[in-house]
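Okay, here's what each chain looks like letter by letter:
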Amino acid sequence: MPVPTLSRRAKLVIGVIAVLLVLFTVIGTLTNVYVDYLWFDETGFTEVFWTELQTRALLFAVAGVATGGLVALSVYLAYRFRPTFRPMSLEQQNLERYRQSLEPRRVAVLSAVGVVLGLFAGFTAQGSWETWLQFRNGTDFGTTDPQFGLDNGFFVFDLPFYRLALGFAFAIVILSLIGSLLTHYVFGGLRLQTPGQKLSGAARVQLSVLLGVFVALKAVAYWLDRYSTVYSDRGGVFTGASYTDVNALLPAKTILVFVAVICAIAFFANIVVRNFALPAASLVLLMLSSLVIGVAYPAIVQQFVVRPTPDVREAPYIERAIAATRQAYDVSDVQYVNYAQNQTGDSASDADAAQAAAELAGSPTVENIRLLDPNVLAPTFTALQQIRNVYGFPDRLDVDRYTIDGVTQDYVVAVRELDQSNLSDNQSSWINRHTVYTHGNGFVAAPANQVSSGSGEGGQPNFTTGNLPTTGNIPVDQARIYYGELLNDNGTDVYSVVGKTDGEADREFDRPESGDDQGQVNSTYDGTGGVAIGSFFRQLTFAIYYRERNFILSGAVNDNSRVLYVRDPLNRVEKAAPFLTVDGDPYPAVVDGRVTWILDGYTTSDAFPYAEQMELGEATTDALTGTGTGTTPLPNDTVNYVRNSVKATVDAYTGAVTLYAWDDQDPVLRTYMNAFPGIIQPKSDMSDDLISHVRYPEDLFKLQRDILTRYHVSDAGDFYNQNDRWRIPTDPTSNTDAAQPPYYILSQRPGDPGATFQLTSALNAFQRENLSAFISASADPASYGELQVLRLPGNTPYQGPGQAQNAMTSNNQVRTDLTLFDSDNSRAVFGNLLTLPIGDAGLLYVEPLYVQSQAANSFPLLQKVIVNYQGRIGYGDTLAESLDQVFGAGAGSAAPDSGGTGNGDTGGDQTTSPPSTSAPATTSPPADGGGAVDASTAQAVAAIQQALQDLANAQRSGDFAAVGQAQAALASAAAAFEAAQSAASGSASSAPASPTG
């Protein structure tokens with residue numbers, strides 16, 4: 001068959017194009033690798049770079065050479081031992097033209113086959129670099145599986161690599177077999193339609209060897225399948241070897257190993273016997289055995305032995321699964337407390353309320369009830385603390401605790417970051433985006449249990465640290481933010497070029513000028529972060545990497561320039577430690593005077609025996625995950641083992657990444673520490689200040705609460721029948737069916753001497769809305785990681801979050817105000833629905849209610865607080881007022897808004913009652929005050945009455961500007977009345993009841 005040829009000119013054009021494509025690919029790849037290396041060198045993690053690169057290269061080379069080389073060798077041998085003479089037939093005549101085409105190009109074709117297959121295998125293998133490192137550096141768990149008595153490290157570290165190697169071995173044999181068959185057929189060694197002998201001697205030997213190796217590998221696969229029963233899902237409601245797996249499948253797999261070995265020997269024997277009858281018969285025996293012994297027999301046992309009484313037959317295997325799953329998700333030592341056993345559930349009796357009122361007196365839980373919702377207040381922080389358009393806050397703020405003057409209190413915190421999406425058109429040139437607007441500035445904190453009540457400020461956070469330059473009760477030595485969550489624009493790295501030459505003026509915008517001057521203060525980065533790009537070669541490198549010519553042409557890039565990139569804290573930790581899964585909620589803290597991002601790193605595995613497997617992303621998704629900046633969903637990888645083994649920090653100014661071994665007993669972490677020596681620091685290196693800000697990680701808690709909905713049950717029969725299953729409630733404050741997120745609170749757990757910082761969640765009965773349990777995880781350094789589950793009595797219908805929310809919104813007062821708030825001019829915004837244990841008296845629901853104008857750039861303000869204790873609803877302007885309504889006068893005296901500044905007062909505006917958004921239930925002062933009324937008193941009384949009327953009118957109309965004016969007038973009138981009364985009586989007298997509650 002004639003082969004089409006190309007002209008010399010066409011060959012030249014194709015050659016040039018091919019060379020250019022290869023050149024651009026090589027330059028691009030090398031540039032990416034070099035820029036990566038520079039980043040690892042800057043952060044001090046070159047050990048990770050080189051280890052990963054060398055491991056990938058090793059696996060690529062071994063898999064590529066083995067696959068491409070062995071397949072090419074097999075094809076070469078088939079060609080080398082082709083028959084010299086072939087019987088003439090129509091089949092051979094048709095094949096002759098293919099032989100004539102291939103003969104002159106056989107070396108090129110064979111090389112191309114080997115190279116293509118080698119590249120494909122190499123690229124596939126290098127992606128499994130972590131599997132090899134785990135196998136190479138694996139450590140023992142110190143615990144054994146109950147079936148085989150092997151250390152769990154065998155299943156986690158060794159078995160996955162054996163499976164990987166076996167898979168490549170099967171691929172090589174199959175590809176070699178296909179290549180040999182095609183070669184023998186084309187060159188006459190295999191004659192399907194030619195009379196006489198169908199195979200040449202060489203073809204018979206080669207195919208017998210390849211088939212024998214294939215069946216021998218099948219014997220190895222059967223042997224490894226025995227160990228894979230620990231991942232079986234045959235039991236349905238549990239994971240791991242079931243009754244059928246142990247008593248039917250395991251013996252069957254062992255028998256099949258011997259059958260496969262016999263079959264392999266038969267194929268190897270065919271080299272001498274020269275008769276395919278024996279290997280064919282053994283192959284049939286293997287197939288029948290695999291169907292009868294490996295499939296039919298286990299199915300019969302499952303149907304006729306297990307299914308009639310599964311709870312009895314599976315009991316010992318369920319117990320294995322319960323123990324293994326608890327160990328894998330670190331929930332073996334949960335403290336279960338039978339809670340509120342004497343309470344009456346949804347309808348609180350007077351005795352219940354009296355007990356709760358007694359518990360409330362001086363309760364540290366009540367003192368620290370969080371009124372500020374970090375998931376609602378981002379617009380409020382932005383409106384009140386943004387200061388300039390170049391700054392911004394993430395959509396989801398964070399909660400942390402600080403100890404001020406010996407008092408620990410939780411705060412809603414955020415950093416004022418650079419937000420390039422807010423830049424105006426004239427600010428968006430390359431110079432401005434990358435050399436002028438380079439960083440944010442400032443740390444902002446507001447006590448979570450307080451709101452400001454100053455004139456015109458009602459319902460706002462009481463910022464005790466903020467403004468520019470940063471001032472307040474949390475000292476910050478370095479407030480510039482060069483690394484933050486907003487420096488990742490939808491996956492695109494926001495880089496900055498910093499540094500100046502000697503004598504050059506500062507270029508980077510730092511903050512507005514203090515005082516009345518409307519100018520600005522500039523600065524120049526002097527930290528250790530970033531990569532120096534003073535040389536032309538590096539400037540060219542980054543020009544290619546970012547496809548930006550200004551790296552070469554702009555005068556802003558000079559000998560002292562540094563480029564800062566990979567600036568999202570989560571991305572930095574993931575890049576520095578690619579073997580970690582990083583929690584999706586980094587949070588800022590002031591540690592030893594520096595703003596520091598704190599992150600939680602998980603070591604995971606999908607190979608822990610008998611443990612239930614979960615989809616990581618699905619299990620950790622709730623109503624807030626991925627709904628804005630500040631929370632990032634985890635990848636939806638399959639896992640059945642997880643540990644919070646690493647605490648990571650990223651310095652907001654220098655970008656320095658530090659990894660600490662928080663759980664140095666974790667075998668997976670120890671394995672990676674063997675693979676990457678020196679990159680993880682001991683826990684003892686963490687400062688006391690850093691440890692005081694460590695939180696229990698949200699994503700791990702979500703996994704654990706999901707596991708505990710099923711695995712809190714210890715009895716195998718109850719577990720199988722799902723008699724006491726729980727579920728995660730949906731979030732009643734959102735308009736979705738997503739799970740309710742866990743909440744950080746500072747509260748006192750039953751039995752504890754004081755309040756501790758913890759992560760909490762309610763749990764409902766399965767497919768029901770009533771509450772079954774309340775889970776909390778301590779983040780206090782003295783009790784970190786302790787999980788406590790309060791079990792509510794199963795015969796008492798406690799309101800779950802959804803039912804509690806419905807009861808609150810159905811209350812007559814609440815429903816009336818919601819109708820008022822949800823208007824053309826405003827809308828009601830529900831804050832987080834907190835579930836709080838009150839001593840031994842039961843659970844209290846607390847929910848802040850915000851109101852936000854529909855106008856542009858509006859922000860929510862706290863206006864009401866709703867509480868629900870077993871069906872008793874309290875609804876007031878303040879938490880204290882709401883508690884008094886439920887439990888009686890004085891019950892809310894411990895609340896921070898009951899007239900004092902609350903626990904942990906840190907200065908600034910003291911917290912009093914937030915302003916009312918419905919007509920205040922305030923009695924006007926008497927007309928005569930008990931005696932003759934002078935003109936000043938009468939005038940003050942008239943002013944108070946007028947202000948009250950104006951306030952009511954403004955609230956009905958939803959005019960928030962008028963509400964603020966009326967509140968200010970009311971405060972002035974009340975002060976005037978007090979002054980008039982004092983003057984009239986000749987001594988200080990009490991002011992009338994506060995018009996704001």
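Residues numbered from 1 in each chain as written. Predicted model: local features only at pLDDT ≥ 70, side-chain atom pairs only at ≥ 80, totals over all residues. Heavy atoms only, no water.

Attention shifts here to the overall build of the chain. Looking only at helices and strands, the chain has 28 helices and 36 strands in total. Residue pairs at least 24 apart in sequence account for 69% of intrachain contacts in the chain once pairs closer than 6 positions are excluded. Total accessible area on the chain is roughly 41,600 Å²; 55% of this is exposed by carbon and sulfur atoms. (Helix = DSSP H or I, 4+ residues; strand = E, 2+ residues; numbered from the N terminus. Contact = heavy atoms within 4.5 Å. Areas by Shrake-Rupley, 256 points an atom, 1.4 Å probe, with all protein chains shown as cover.)

Membership of the largest hydrophobic core comes to 140 residues, with the highest contact counts inside it found for F443, F542, F551 and Y565. Among the elements that take part in this core, helix α6 (residues 152-186) stands out by supplying 9 residues, more than any other. Counting 42 residues, the second largest nonpolar core, distinct from the first, contains F381, V829, L862 and A880. (Core = buried A, V, L, I, M, F, W, Y, C linked by side-chain atoms within 4.5 Å. Buried < 20%, exposed > 50% of the residue type's maximum accessible area, 1.4 Å probe, protein only.)

With that out of the way, let us pick up the packing of helix α8 (residues 243-273) against helix α9 (residues 277-306). Where α8 contacts α9, the two axes come as close as 8 Å, and the packing angle between them is 180°. When the interaxial angle is binned, α8 and α9 end up roughly antiparallel. Of the residues contributing to the contact of α8 with α9, the split by class is 22 nonpolar, 8 polar and no charged. (Axes fitted to C-alpha atoms, helices over the stretch in contact; angles between N-to-C directions. Parallel < 35°, antiparallel > 145°, perpendicular 65-115°, else oblique. Nonpolar A, V, L, I, M, F, W, Y, C, P; charged D, E, K, R; others polar.)

The next point concerns the pairing of strand β27 (residues 743-748). With 5 of 6 residues buried, β27 lies mostly within the body of the structure. As judged from the 6 bridges shared by β27 and strand β28 (residues 755-765), these two strands associate in the antiparallel manner. In the sheet register, Q748 faces β28, and the bridge partner there is A755. Hairpin connection between β27 and β28: a loop of 6 residues separates the two successive antiparallel strands, and G751 in this loop has a positive phi of roughly 95°. (Pairing = 2+ DSSP bridges.)

The sheet built from 3 strands is open, its strands ordered β13-β17-β16 with antiparallel pairing. In this open sheet, the two strands that pair with only one neighbour each are β13 (496-498) and β16 (531-532). The sheet contact formed by β13 and strand β17 (residues 562-564) spans 3 bridges and is antiparallel. In the sheet register, V498 faces β17, and the bridge partner there is R562.

Let's shift gears to the pattern of salt bridges. The tally for this structure, following the rule as stated, stands at 22 salt bridges. Of the charged contacts in the structure, one is a salt bridge between K647 and D600, with a shortest N-O distance of 2.3 Å. A residue pair is termed long-range when its members are at least 10 positions apart, and K647 in strand β23 (residues 641-651) and D600 in strand β20 (residues 594-605) qualify at 47 residues. For the pair K647 and D600, a shared accessibility class is recorded, and that class is buried. The salt bridge involving R710 is made with E612; its shortest N-O contact spans 2.9 Å. On the criterion of sequence distance, the pair formed by R710 in helix α22 (residues 698-711) and E612 in the loop between β20 and β21 (614-615) is long-range, its members being 98 residues apart. Each of the two residues, R710 as well as E612, counts as buried. Residues joined by salt bridges that share partners form a network here, namely R163, D225 and K253. (Salt bridge = Lys/Arg side-chain N within 4 Å of Asp/Glu carboxyl O.)

Among the surface-exposed residues, E319, D715, D718 and D724 lie close enough to one another that they form a single negatively charged patch. Positionally, D718 belongs in helix α23 (residues 716-721). On the basis of relative accessibility, which here comes to 34%, the residue D718 falls in the partly exposed class. (Patch = residues over 30% accessible without salt bridge, like charges linked within 9 Å, V, L, I, M, F, W, Y side chains within 5 Å. Lys, Arg positive; Asp, Glu negative; His and termini not counted. Charge placed at Lys NZ, Arg CZ, Asp CG, Glu CD.)

On average, the chain scores 86 in pLDDT, and the residues at 70 or more come to 86%. Under a pLDDT of 50 for its full length, residues 898-934 has, in the predicted model, 93 contacts with residues more than four places off or in other chains. Counted against residues more than four places away or in other chains, residues 984-997, with its pLDDT under 50, gives 19 contacts. (pLDDT = per-residue confidence, 0-100.)

Contact pair helix α2 (residues 46-80) / helix α4 (residues 106-126): the axes reach a minimum separation of 7 Å and the direction vectors enclose 150°. The angle between the axes of α2 and α4 places the two elements in the roughly antiparallel class. For the crossing formed where α2 meets α4, the hand is right-handed. Residue-level contacts link R56, L59, F60, A63, G64, T67, G68, V71, A72, V75, Y76 and Y79 of α2 to R106, L110, G114, L117, G118, L119, A121, G122, F123, A125 and Q126 of α4. (Left-handed = near helix turned anticlockwise from the far one by under 90°.)

Another point: the packing of aromatic side chains. By the definition in use, this model includes 49 aromatic pairs. With a centroid separation of 5.3 Å and an interplanar angle of 70°, the aromatic rings of F170 and F214 are classed as edge-to-face. Pair noted here: F170 is in helix α6 and F214 is in helix α7 (residues 201-228), with a separation of 44 residues, a long-range link. A relative accessible area of 16% places F170 in the buried class. On the basis of relative accessibility, which here comes to 29%, the residue F214 falls in the partly exposed class. An aromatic cluster of at least three residues, connected via ring pairs, comprises W132, F135, F148, F154, F155, F161, Y162, W223 and Y227. In this structure, R695 packs its charged tip against the face of Y587, placed 3.9 Å from the ring centre. We note R791 situated over the ring of Y336; from NZ or CZ to the ring centre the distance is 4.3 Å. (Phe/Tyr/Trp six-rings, centres within 6.5 Å; stacked < 30°, edge-to-face > 60°. Lys NZ or Arg CZ within 6 Å of the ring centre and 35° of its normal.)

Attention shifts here to the pairing of strand β15 (residues 520-523). Regular strands show a simple pattern: their side chains alternate between the two faces of the sheet. Here β15 shows one buried face, formed by V521 and S523, and one open face, formed by Q520 and N522. Of the pairings in the sheet, the one linking strand β14 (residues 508-512) to β15 comprises 4 bridges and is antiparallel in character. Opposite R511, over in β15, you have V521 as the bridge partner.

Taking 1.5 Å as the rise per residue, helix α11 (residues 315-328) with 14 residues should run 20 Å; its terminal C-alpha atoms sit 20 Å apart, in good agreement. Next to the buried residues of α11 lie α8, α10 (310-313), β23, α22 and α23. (Expected span 1.5 Å × (residues − 1).)

Note on placement: S714 falls in the loop between α22 and α23. Separated by 395 residues in sequence, S714 and E319 place their C-alpha atoms 7.6 Å apart. Ignoring sequence-local partners within four residues, the contact set of S714 consists of I322 and R326. In terms of polar contacts, S714 uses its side chain to reach the side chain of R326, at 3.0 Å. (Polar contact = N/O pair within 3.5 Å; in protein donor to acceptor, adjacent residues only side chain to side chain.)

Another aspect to go through is a nonpolar patch on the surface. A surface patch of nonpolar side chains, amounting to about 1,000 Å² of accessible area, comprises L12, V16, L20, L23, F24, I27, F536, L540, I544, I552 and L553. Looking at the nonpolar patch, the elements with two or more residues in it are α1 (8-43), α16 (536-546) and α17 (550-553). Sort the elements by how many residues they give to the nonpolar patch and α1 lands first, with 6 residues. If you trace the backbone, F536 turns up in helix α16.

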